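The primary structure of each chain is shown beneath.
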Amino acid sequence: MDWQAFEVSIKLALLTSVSLLPIGLALAYLLANSRFIGREVLEAAITLPLVLPPTVLGYFLLVGLDSSSFFGGLFVSLTGHTLAFSFTGLWFASIIYSLPFAVQPMLRALETIEPEIREAAWCSGLSKWKTFFKIELPIAWPGIVTAMVLSFSHTLGEFGVVLMIGGNIAGETRTLSIAIYDSVLAFETAQAQSMSLILLLIALVSITIVFVFNRSRSRVVRL
Amino acid sequence: MLRVNLQQSSPIPLDVELNCNNGEILALVGPSGAGKSTVLRCIAGLHSAKSGQINCSNQIWFDSNNKTDFTPQQRRIGMVFQNYALFPHLTVFENIRLALAEQKGAKQKIDHLLKQVHLMGLEQRYPSQLSGGQQQRVAIARALAREPEVLLLDEPFSAVDKVTRRKLYLELNTLRRSLEMPIILVTHDLDEAAMLADNLCVIHNGKTLQQGQPDQVLHRPRDIEVARQVDVRNLLTATLIDVDGGLKLQWHDYQISVQQTEGLSADQAVHWTVSPAKVLLHQRVRPSRGEHENPVSGVIQELITLKGITTVLLCIDNANNEVIQMDVPEHVAMRNELTIGDSITASILSDAVHLMPD
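Every value quoted in this text rests on a predicted model; they were computed, and no experiment measured them. Residue indices begin from 1 for each chain and proceed along its sequence in written order. In the order they appear in the text, chains get letters beginning with A and ligands get numbers beginning with 1. Residue-level local features of this predicted model are given only where pLDDT is at least 70; pairs of side-chain atoms are given and counted only at 80 or more, and the full residue set underlies all totals for whole chains, interfaces and linings.

J.: Explain the overall build of chain B to me, and be specific about the residues and the numbers.
T.: Under the DSSP-based scheme used, a helix requires at least four consecutive residues in state H or I and a strand at least two consecutive residues in state E, with every element numbered from the N terminus. Each helix and strand in chain B was counted, giving 10 helices and 21 strands. Each of the three principal axes of chain B carries a C-alpha extent, and together these read 75 × 50 × 30 Å. Counts of 20 or more other C-beta atoms within 10 Å of a residue's own C-beta define buried residues, counts of 12 or fewer define exposed ones, and intermediate counts define partly exposed ones; C-beta atoms are placed from the backbone. Counting the 358 residues in chain B, one finds 41% classified as buried.

Given below as structure tokens:
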């Protein structure tokens, strides 16, 4: 059992899902409440990682994060570190890769809020920010929890993008899914099995949490 | 006092002028899509018209000339939405507390509001645990919690059943006596408007056509357009003629005396209307003196009784099969043994005849 890879995976999944909370919410709010030219293109771009082969996404990210690229170069000049083959690069790639898993449930949850609810809050004297925090956020909460759990589980299980961006550096970019792949190649079946079981268990528990949470919320609100 | 004056040509055409005094209910009536809700949204600050002014309690909320446009938060309005728009994740108590103008003494204020709308004991319920009528009461309490300068009601009775609606009418009638702000009620139900409102404002295709007391608007519409909108039941056309120096209506073979002749002249084509309650049945058993006032005769085509009033559809003799409706109390219809196919006579009260120039 590669505990170092386990730690990298959990850290990456946690950081990614926490980062996706504000990013996903901002994007979902924008898509749910405004009509602008290019809205469909933006939504398609966010959803793209769902259908794109991870290697293709990984390739473009690798090129984009490379120190010779604009973004990669900017990062090097600011921090002195390269993005490719580093944990930070992996974190950044995971945010992009798990974006649809965060944005879609948040968007669906925000879209179910009728416009009158928001207007009723304004007419009750609540500012737009107060309306967001006291009305929209609590109503959309089940969708937001779903988004967080899904992006956590999805990041935990990602393989193709990690391999392309992160390589296989122990303690830095070697995640549990890469370690499983290594173990299988080295015929260490027992180790591969125990690590696979751990990933399976985490995925099952987190998805169960989503279902239980959504059901208990709907009981309170809709009884 | 609320004064509204709005004009725009798109996306929804508006040409609106209405006034509502403090403590008064003004019903904004018109068919679906007439622009009623848009006007209400403009008053609330949820929609900005292209030009015009909205003035409430001597404060300018909207003025296109100097680009004043207060947000809904700045306007101090109480709004009851058609589907009530209660916050589903909050209890009745929290729904109201969120809208309180001042959080100090919240408990007492909320108790008072709940008492006002007869909702004591339901503070801890969620909106989904309430009936339609109870939800409407919460919506009203929440709207009042802000101590609004104007109360806006957007078809507040359309989402409840008829029995509940009658109960809520009575409640609103009682509640309004304790309210001092102007109240705007949007409805497409003329009976509802006539029952609850002090003034009616008829709106069609975004244009306000006439504002006045219900009796005035419903029985003395300004023109044919208003008459059609308020569903005047006897809407007929005739020509004015000069008879011995006075004006009378020449309607088929009948010469009908009228009292409202100001601004009208002989040979002028007019639309005329008479309230069905002002067409009096000549009793068969006991003739009376009033029978020579605009007598008409005809055959009963249909009889419809509703809530103690019998509506008689009378196909007038020698009038090209035109029909006049008359309302008689049910017991009068029974005593006179009115049946379909009977020939009867009736009088059209001359002071109830209302003329509208073509």
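Next comes the rest of the account.
J.: Describe the interface of chain B and chain A, with residues and values.
T.: With 19 residues of chain B at the interface, the matching set in chain A holds 18 residues. Note on residue categories: nonpolar means Ala, Val, Leu, Ile, Met, Phe, Trp, Tyr, Cys or Pro, charged means Asp, Glu, Lys or Arg, and polar means any other residue, Gly included. Class assignment for the residues of the side of chain B that touches chain A results in 12 nonpolar, 5 polar and 2 charged. Each residue is represented by a C-beta atom placed from its backbone, and any two residues with such atoms within 7 Å are regarded as in contact.

J.: So what about helix α4 (residues 106-116) of chain B? Which residues, and what values?
T.: All names here are of chain B. Three or more residues of α4 are buried, namely I110, L113 and L114. Taken around the axis of α4, the buried residues stretch over an arc of 100°, which confines them to a single face. In α4, those exposed residues whose orientation departs by more than 90 degrees from the buried face are Q108 and K115. H118 lies just past α4 and shows a positive phi near 60°. Each C-beta atom gives one direction from the helix axis, and the arc is the one those directions make.

J.: How would you summarise the sheet that holds strand β20 (residues 343-348) of chain B if you had to cite specific residues and measurements?
T.: All names here are of chain B. Two strands pair under a simple rule: DSSP has to find at least two bridges between them. What the 5 strands build is an open sheet, ordered β16-β20-β17-β18-β19; its pairing is antiparallel. In this open sheet, the two edge strands, each paired with only one partner strand, are β16 (279-281) and β19 (323-329). Strand-to-strand twist in this sheet, taken as the mean axis angle between neighbours without regard to direction, amounts to 45°. Pairing of strand β17 (residues 295-306) with strand β18 (residues 309-316), which is carried by 8 bridges, proceeds in the antiparallel orientation. Counterpart to T305 in the pairing with β18 is T310. Lines fitted to the C-alpha atoms define the axes, with helices restricted to the stretch that makes contact. Angles between their N-to-C directions range from 0 to 180 degrees.

J.: Which residues make up the pairing of strand β11 (residues 207-212) of chain B, and what are the values?
T.: Residue and element names in this part refer to chain B. Bridging between strand β10 (residues 199-204) and β11 involves 5 bridges; their strand directions are antiparallel. Of the residues in β11, the one forming a bridge with I203 is T208. In this structure, the hairpin formed by β10 and β11 is closed by a connection of 2 residues, where N205 is found at a positive phi of approximately 50°.

J.: Would you mind going over the domain arrangement of chain B in detail, with residue names and values included?
T.: Residues and elements named next belong to chain B. Partitioning chain B into domains gives domain 1 (2-229), domain 2 (235-272) and domain 3 (274-353). Each partner contributes residues to the interface: domain 2 has 9 residues there, and domain 3 has 10 residues. Take the side of domain 2 that touches domain 3: its biggest share by element is 3 residues, from strand β14 (residues 254-257). Residue classes in the side of domain 2 that touches domain 3 are distributed as 5 nonpolar, 3 polar and 1 charged. Start and end positions for the domains come from either an automated domain assignment or a database one.

J.: So what's going on with helix α1 (residues 36-44) of chain B? Which residues, and what values?
T.: Here α1(B) lies mainly inside the structure; 9 of its 9 residues are buried. Among the residues making up α1(B), those that are buried are B:K36, B:S37, B:T38, B:V39, B:L40, B:R41, B:C42, B:I43 and B:A44.

J.: Could you give an account of the sheet that holds strand β13 (residues 246-251) of chain B, naming the residues involved and the relevant values?
T.: Residues and elements named next belong to chain B. Judged by pairing direction, the sheet is antiparallel, and its 5 strands sit side by side in the order β14-β13-β12-β15-β21 without closing on themselves. Every other strand in the sheet has two partners, leaving β14 and β21 (354-357) as the edge strands with one partner each. Taken over all neighbouring pairs, the strand axes of this sheet differ in orientation by 45° on average, direction set aside. In this structure, strand β15 (residues 269-273) lies alongside β21, joined through 4 bridges in antiparallel fashion. Bridge pairing in β21 links H271 to M356.

J.: Account for unusual backbone geometry, naming residues and giving values.
T.: All names here are of chain B. The amide bond that connects S10 to the next residue, P11, takes the cis arrangement and shows omega of 0°. The phi angle at Y84 is positive, at roughly 75°, despite the residue not being glycine. Checked against the element boundaries, Y84 lands in the loop between β7 (77-80) and α3 (92-99). Residue classification places Y84 among the buried residues on the basis of 25 C-beta atoms within 10 Å. Residue E147 is not a glycine yet carries a positive backbone phi of 50°. Inspection of the secondary structure puts E147 in the loop between α5 (132-145) and β8 (150-154). For E147, a count of 13 C-beta atoms within 10 Å gives the class partly exposed.

J.: Please set out the pairing of β10(B) residue by residue, giving values where relevant.
T.: All names here are of chain B. Where burial is concerned, most of β10 is hidden: 5 out of the 6 residues are buried. In this sheet, β10 lies alongside strand β3 (residues 25-29) in parallel orientation, the contact comprising 4 bridges. By the bridge assignment for β10, L28 is matched with C201.

J.: Tell me about the confidence of the model for chain B, and name the residues and values.
T.: In low-pLDDT segments, the atomic positions of the prediction should not be examined closely. All names here are of chain B. The predictor reports its confidence for every residue as pLDDT, a score running from 0 up to 100. Looking at chain B as a whole, its pLDDT mean stands at 92, while 98% of the residues score no less than 70. When mean pLDDT is compared element by element in chain B, β18 scores highest at 96, while helix α6 (residues 162-176) scores lowest at 90. Predicted as a complex, the structure gets a pTM of 0.84 and an ipTM equal to 0.85.

J.: Any chance you could break down the environment of B:V258 for me, citing the residues and the numbers?
T.: All names here are of chain B. Positionally, V258 belongs in the loop between β14 and β15. Under the C-beta neighbour-count criterion, V258 is labelled buried, with 23 such atoms within 10 Å. For the pair V258 and L313, spaced 55 residues apart in sequence, the C-alpha separation works out to 22 Å. Setting aside its immediate chain neighbours within four residues, V258 contacts L247, K248, L249, S350, V353 and L355.

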